[in-house]
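Coordinates in review
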Amino acid sequence: MLTIAGIINAIGITFFLAPVKLYDSGISGTSMLLSQITPEILSLSIFLLILNVPLFLYGFKKQGALFTVYAIYTIVIYSLAAWLITYVLPIDVNFASPLAGRDLLLCALFGGVISGTGSGLAIRYGGAMDGIEVMAVIFAKRLGISVGTFVMIYNILLYIICGFIINSWILPLYSIVTYAAALKTVDFIVEGLDRAKCAIIITTKPEEICQTLSETFESGITKIEATGGYSNAPKTMIYFVVNRFQVVRMKEIVHKIDPKVYITISEVADVFSANQN
């Protein structure tokens, strides 16, 4: 799967972004910029290896040996596939996208979605496609910001630098579209298209609610004894996971049994049961 992830990412970059000089995010985007402003011998593939591999090795202690090996392997596949597509295969990706021509919006959207699919698969199967996450893990805490904020700041600075270097803001602005499309795609691949919903139900009629929900949805329920902060009365907190199609039905059932019930609903990225490997 890491091999497939690297190839998919290379297709997204070389088929859609690089031909029209749009920029990916993170180290990949930095490599694309450097390959454009340096001699032709210093290709995108070379910069991907030069910039990413040292970062993954530097983050060895933080991330562990297995992650480091997987990440470097994925980057090597990505770099190799990008080199083959650009210089070996009979596909012209020098001046326009083979599929979208010079349409910047199509290139930005499809390049972002396809490269995001590759990055998402890499993360899902234990690797990574870009060393920027390693930089974020190492330096974000020292700077007093979150990992997500570090990555966002890096990318904003990258696009600003791109704008000044190429003396145009059209391509950096379209690159932000690419970044947004890739980010959403990574979320879909890593966390799933249909996130589960977690319902926390606070009630004084736990037995009836638990029995009805269990019979209706045929799923497990957890009960936690609680005490009202204002009333100091004994209550029960029920933890229940449903999908988005079951939320309305669940609320109807619970409110019918206990009209004074208190319910909060939030998204759950992953659900694992005890019998899963």
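Throughout this document, residue positions are counted from 1 along each chain, in the order its sequence is written. Given that the model is predicted, a residue must reach a pLDDT of at least 70 before its local features are reported, and side-chain atom pairs must reach 80 or more before they are shown or counted; all residues, however, enter totals for whole chains, interfaces and linings. Based on all heavy atoms of the structure, the side-chain values leave hydrogens and waters out of the count.

**Examining helix H10 (residues 206-217)**
Condition: By the criteria applied, helices consist of DSSP H or I runs no shorter than four residues and strands consist of E runs no shorter than two, each listed in order from the N terminus. Take the number of residues in a helix, subtract one, and multiply by 1.5 Å to get its expected span. A simple rule labels every residue: compare its accessible area, found with a 1.4 Å probe on the protein chains alone, to the largest value its type can have, and call it buried under 20%, exposed over 50%, or partly exposed in between. This arc is taken over the directions from the axis of the helix to the C-beta atoms.
With 12 residues, H10 extends 16 Å between its outermost C-alpha atoms, agreeing within 8% with the 16 Å of an ideal straight helix rising 1.5 Å per residue. Listing the buried residues of H10 in full gives Pro 206, Ile 209, Cys 210, Leu 213 and Phe 217. For H10, the angular spread of buried residues about the axis comes to 95°, placing them on one side. Every exposed residue of H10 that faces more than 90 degrees away from the buried side is listed here: Glu 207 and Glu 215.

**Digging into the nonpolar core**
What counts, and what does not: The nonpolar core is taken to be a set of buried Ala, Val, Leu, Ile, Met, Phe, Trp, Tyr and Cys residues, with the residues joined through side-chain atoms within 4.5 Å. Contacts are residue-level and defined by heavy atoms, with any inter-residue pair within 4.5 Å sufficient.
Of all hydrophobic cores here, the largest spans 47 residues; its most connected members are Leu 22, Phe 56 and Tyr 78. Secondary structure elements with two or more residues in this core: helix H1 (2-17), helix H2 (26-37), helix H3 (44-58), helix H5 (65-88), helix H6 (104-124), helix H7 (132-143), helix H8 (147-166) and helix H9 (170-191). The leading source of residues in this core is H5, at eight residues. Beyond its immediate chain neighbours, meaning those up to four positions away, Leu 22 contacts Leu 17, Met 32, Leu 104, Cys 107, Ala 108, Leu 171, Tyr 174, Ser 175 and Thr 178. Judged by nonpolar contacts, the second largest core, of 15 residues, contains Phe 217, Ile 238, Phe 240 and Ile 253.

**Some points on H7**
Where H7 is concerned, the buried positions are Ile 132, Val 134, Met 135, Ala 136, Ile 138 and Ala 140. Tucked inside the fold, the buried residues of H7 contact H2, H3, helix H4 (60-63), H5 and H8.

**As for unusual backbone geometry**
Positive phi outside glycine occurs at Asn 167, with the angle close to 60°. If you trace the backbone, Asn 167 turns up in the loop between H8 and H9. For Asn 232, which is not glycine, the phi torsion reads 65° and is therefore positive. Structurally, Asn 232 is set in the loop between strand E2 (222-227) and strand E3 (234-242).

**A word on the packing of H1 against H6**
What counts here: Here an axis means a line fitted to C-alpha atoms, over the contact stretch when the element is a helix, while the angle between two N-to-C directions is reported on a 0 to 180 degree scale. In this scheme, roughly parallel covers angles under 35 degrees and roughly antiparallel covers those over 145, while 65 to 115 is roughly perpendicular and the rest are oblique. What makes a crossing left-handed is the near helix being turned counterclockwise from the far one by less than a right angle; a clockwise turn instead makes it right-handed.
Viewed as axis vectors pointing N to C, H1 and H6 meet at an angle of 165°, and their least axial separation amounts to 8 Å. Relative to H6, the element H1 lies roughly antiparallel. Of the two elements, H1 crosses H6, and the hand of that crossing is left-handed. Across the interface between the two elements, Leu 2, Ala 5, Ile 8, Asn 9, Ile 11, Gly 12, Ile 13, Phe 16 and Leu 17 of H1 pack against Cys 107, Ala 108, Phe 110, Gly 111, Ile 114, Ser 115, Thr 117, Gly 118, Ser 119, Leu 121 and Ala 122 of H6.

**Considering the pairing of strand E1 (residues 196-203)**
Spelled out, the test is: DSSP bridges decide pairing: two strands pair if at least two such bridges lie between them.
Of all eight residues making up E1, six are buried, and the element is well covered by its neighbours. As judged from the seven bridges shared by E1 and strand E4 (residues 262-268), these two strands associate in the antiparallel manner. Note that in E4 the partner of Lys 197 across the bridge is Glu 267. Relative to E3, E1 runs antiparallel, the two sharing seven bridges. Counted as the bridge partner of Ile 201 is Ile 238 from E3.

**Describing the side chain of Asp 258**
Looking at where Asp 258 falls in the secondary structure, it is placed in the loop between helix H11 (247-257) and E4. For Asp 258, the residues in contact, after removing those within four places along its chain, are Thr 203, Thr 204, Lys 205 and Ile 209.

**So, a nonpolar patch on the surface**
Short version of the rule: Like-charged residues within 9 Å of one another, or nonpolar side chains (Val, Leu, Ile, Met, Phe, Trp, Tyr) within 5 Å, are grouped into patches, provided each residue has over 30% relative accessible area and no salt bridge. For the area figures, the Shrake-Rupley method with a 1.4 Å probe applies, and any residue is considered shielded solely by the protein chains shown. Here, a salt bridge means any Lys or Arg side-chain nitrogen found within 4 Å of an Asp or Glu carboxyl oxygen.
Taken together, Ile 37, Met 152, Ile 153, Ile 156, Leu 157, Ile 160, Ile 161, Phe 164, Ile 165, Trp 169, Leu 173 and Ile 176 make up a surface patch of nonpolar side chains, about 1,100 Å² in accessible area. Listing elements by their share of the nonpolar patch, those giving two or more residues are H8 and H9. At eight residues, the largest contribution of residues to the nonpolar patch is made by H8. On the basis of relative accessibility, which here comes to 53%, the residue Leu 173 falls in the exposed class.

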